[in-house]
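Coordinate analysis (summary)
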Amino acid sequence: LSSDVSWHDWKGSIMYHSISDIIKQSEQEKIAFWEVVLRADMEERGVSYEDSFETMRHMYRAMRDADAGYDPKARSASGMAGGAGEMLHIYNESGKNICGDFVGEVMEKAIKMGESNACMHRIVAAPTAGSCGVIPAVFLVAEKRLQLSEDVMIQAMFITAGIGAVIAENASVAGASGGCQAEIGSASAMAAAGLAYLQGGNARQIADAAAFALKNMLGLACDPVGGLVEVPCIKRNVAGAVNALTSAQLAMAGIQSVIPADEVIDAMRRIGNDMPSSIKETSLGGLAVSPTALVLTGQQK
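So, here's what we can say about the structure. (Residues numbered from 1 in each chain as written. Predicted model: local features only at pLDDT ≥ 70, side-chain atom pairs only at ≥ 80, totals over all residues. Heavy atoms only, no water.)

**Topic: the layout of surface pockets**
Volume-wise, the largest pocket comes out at about 510 Å³. Taken together, 28 residues form the lining of the largest pocket, with Met 56, Thr 160, Ala 161, Gly 162 and Ala 165 sitting closest to its centre. Mapped onto the lining of the largest pocket, the elements with two or more residues apiece are α2 (33-45), α3 (49-68) and α7 (150-170). Sort the elements by how many residues they give to the lining of the largest pocket and α7 lands first, with nine residues. Looking at the lining of the largest pocket, its residues break down into 19 nonpolar, five polar and four charged. (1 Å grid on protein atoms, 1.4 Å probe; cavity = no way out; pocket = protein on both sides within 12 Å on 5 of 7 lines; lining within 4 Å. Points joined across faces, edges and corners; volume = space filled by probe spheres on them. Helix = DSSP H or I, 4+ residues; strand = E, 2+ residues; numbered from the N terminus. Nonpolar A, V, L, I, M, F, W, Y, C, P; charged D, E, K, R; others polar.)

Here it is in structure tokens:
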């Protein structure tokens, strides 16, 4: 924590409505990006620093528990999901995954979390159930492979929360409103921002990481087969997680997003509004009406 801040006595007013707001407050108050988000949570919920931090710790531990509780034998009621996470685990263990150990494990955890959701196991909506695998996959692997403390991971969780809150306020995190760009795209931006912080990134690098990740997901349709958060949703968690990794690396290299993060979020809102309803979680377009999808859902023989 910042040495010059008395969290127990602090009663100030601090809120944010954009990523630029968070950066401005971080620079003016000389506190970390995550501390701005924590302060806002303290004010909004009327809780102490300890309560806010421990609530976030509980959510992170729930992510860890959900990952540890993956059942390789479980199958979803539709039969379309289950077992792929174990297949990827076996492939990774064989050493054949050319993506390397870090990326390979992120892929594995992302798909396992998505399958656990489809099989009705405990998950953490991050920010939605359909995108539940992105942040846990990136964070759990980063914690282990970068040898980070749990407290540092909680700080990064506040960063993801801040990015997610801004997206939710200014665009959407719901597929029914903005397409899958609002779900997997938002989760990817949140994870990228958190990872940049975990790698020592400053507030502007955190924002750039989020911007890169979200830009890569703009226009992504939400077209679940049979209306279930299984196909193609689970595999898109893998894409979102790996996208978060690459986006954070761009930012950490010092590369800046030409379009600021807040403007990327605005663009996502406009694109979502322009999308036809057929590709916004209604299962009336896209992959949901492909010949194979219609057979799988009993709509066509």
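Further notes follow.
**Structural notes on the nonpolar core**
In this structure, Phe 33, Val 138, Phe 139 and Ile 163 are the most contacted members of the largest nonpolar core, which totals 82 residues. Top element by residues in this core is helix α9 (residues 184-198). It accounts for eleven residues. Sequence-distant contacts of Phe 33, defined by excluding residues within four places in its chain, comprise Ile 22, Ile 23, Ser 26, Ile 159, Ile 163, Ala 203 and Ile 206. (Core = buried A, V, L, I, M, F, W, Y, C linked by side-chain atoms within 4.5 Å. Buried < 20%, exposed > 50% of the residue type's maximum accessible area, 1.4 Å probe, protein only. Contact = heavy atoms within 4.5 Å.)

**Section: helix α6 (residues 134-145)**
Helix length check: α6, at twelve residues, gives a terminal C-alpha distance of 17 Å against a target of 16 Å (1.5 Å per residue), a fit within 8%. Counting buried positions over the twelve residues of α6 gives ten, a clear majority of the element. Of the positions making up α6, those classed as buried are Val 134, Ile 135, Pro 136, Ala 137, Val 138, Phe 139, Leu 140, Val 141, Ala 142 and Glu 143. Those residues of α6 hidden inside the fold are in contact with α3, α5 (101-118), α7, α9 and α11 (233-252). Within two residues after α6, Gln 147 carries a phi angle of roughly 55 degrees, on the positive side. (Expected span 1.5 Å × (residues − 1).)

**Quick word on unusual backbone geometry**
For the bond from Ala 126 to Pro 127, the omega torsion is 0 degrees, close enough to zero to count as cis. Put simply, Val 231 and Pro 232 share a cis peptide bond, and its omega is 5 degrees. Within the secondary structure, Pro 232 is located in the loop between α10 (203-217) and α11. Residues other than glycine seldom take positive phi values, yet Met 120 does so here, at roughly 65 degrees. Tracing the backbone shows Met 120 in the loop between α5 and α6. On the accessibility criterion, Met 120 (75% relative accessible area) is exposed. Positive phi is not limited to glycine here, since Glu 281 has a value of about 70 degrees.

**Notes on the environment of Leu 284**
The topology assignment puts Leu 284 in the loop between α12 (261-274) and α13 (291-296). As a C-alpha pair, Leu 284 and Gly 178 span 106 residues in sequence and 15 Å in three-dimensional space. If we skip the residues at most four places from it in the chain, Leu 284 touches Ser 278 and Val 289.

**Things to note about the pattern of salt bridges**
For the coordinates displayed, the defined rule picks out 16 salt bridges. Notably, a salt bridge pairs Glu 150 with Arg 61, separated by 2.9 Å at the nearest N-O pair. Linking Glu 150 in helix α7 with Arg 61 in helix α3, this pair joins segments that are 89 residues apart in sequence. A salt bridge links Glu 108 to Lys 112; its shortest N-O distance comes to 2.8 Å. With a gap of four residues between them, Glu 108 and Lys 112 both fall in helix α5, about one helical turn apart. Each member of the pair, Glu 108 together with Lys 112, is buried. (Salt bridge = Lys/Arg side-chain N within 4 Å of Asp/Glu carboxyl O.)

The values are spatial; any link to function lies outside them.
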